[in-house]
Amino acid sequence: VKLKEFLVETKVVTKDQLKDIEQESKHTKKTFEQILLERELIKDSDLGQVVADINGWKFANLKTEEVDERILRMIPQPVAENQGTIAFAETKEGIKVAMQNPDDTAMMHLLQKRITKPIIAYYATARDIAASLRAYNKEIGTEFDTLIEAHAQEAVGGEAKDSAVVKIVDLLLHHGYESKASD
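Please read all numbers here as calculations on a predicted model, not as lab measurements. (Residues numbered from 1 in each chain as written. Predicted model: local features only at pLDDT ≥ 70, side-chain atom pairs only at ≥ 80, totals over all residues. Heavy atoms only, no water.)

Enquirer: Any chance you could explain the pairing of strand β2 (residues 85-90) here in plain terms?
Expert: The two faces of a sheet get side chains in turn, since along a regular strand they alternate between them. With 5 of 6 residues buried, β2 lies mostly within the body of the structure. Direction of pairing for β2 relative to strand β3 (residues 95-99): antiparallel, over a ladder of 5 bridges. Its bridge partner being in β3, Ala89 is matched across the sheet by Lys96. If you look at the hairpin formed by β2 and β3, you'll find 4 residues sitting between the two strands, and Gly94 has a positive phi there, around 155 degrees. (Buried < 20%, exposed > 50% of the residue type's maximum accessible area, 1.4 Å probe, protein only. Helix = DSSP H or I, 4+ residues; strand = E, 2+ residues; numbered from the N terminus. Pairing = 2+ DSSP bridges.)

What follows is the structure, given as structure tokens:
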């Protein structure tokens, strides 16, 4: 409600547009924010800053942050994807973590168990987090090289063992799925 009031007060949307967006949200099961972005009424980073300000959260624009791969991998990829959570940087104060809901105390508790350093929670938009999740698959070539080297010794008489082939195929399929490949 605060977001909607703010957007009308700042003339990002009119009251008629607000009602129209709310109706579309009910009928399409899209969030209010998704429709705002689809209609290009506000930029993703501006919406993120507004949501963070309204809720008293710190805001992370992951498009402008350099995500440290070592820090990123502190949170396993399936957890990051399912929870909308990305560890993106380390400072003297702790590990910076971007979340879709920084007030999620259960998630914060789980992260604190996994990451022994203090966690500094930031809000990031769903689009920003989704884009940043691609960093998990950034180095597929390196992963192939590592797999091939690790299993090259398993080759017997010029034939690779099935486990190496299965791992490579799994990696290919996963990368294809994440990249939304069609063929």
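Enquirer: Can you walk me through the pairing of strand β4 (residues 119-123) in this structure?
Expert: The buried fraction of β4 amounts to 4 of the 5 residues, a majority that puts the element mostly inside the structure. Alignment of strand β1 (residues 58-59) against β4, held across 2 bridges, turns out to be parallel. Considered in β4, the bridge of Lys58 is made with Tyr122. Here β3 runs beside β4; their pairing, made up of 5 bridges, is parallel. Its bridge partner lying in β4, Lys96 is registered against Ile120. Once you follow β3 into helix α7 (residues 105-114) and on to β4, the crossover reads as right-handed. (Right-handed = clockwise from strand over helix to strand, strands pointing away.)

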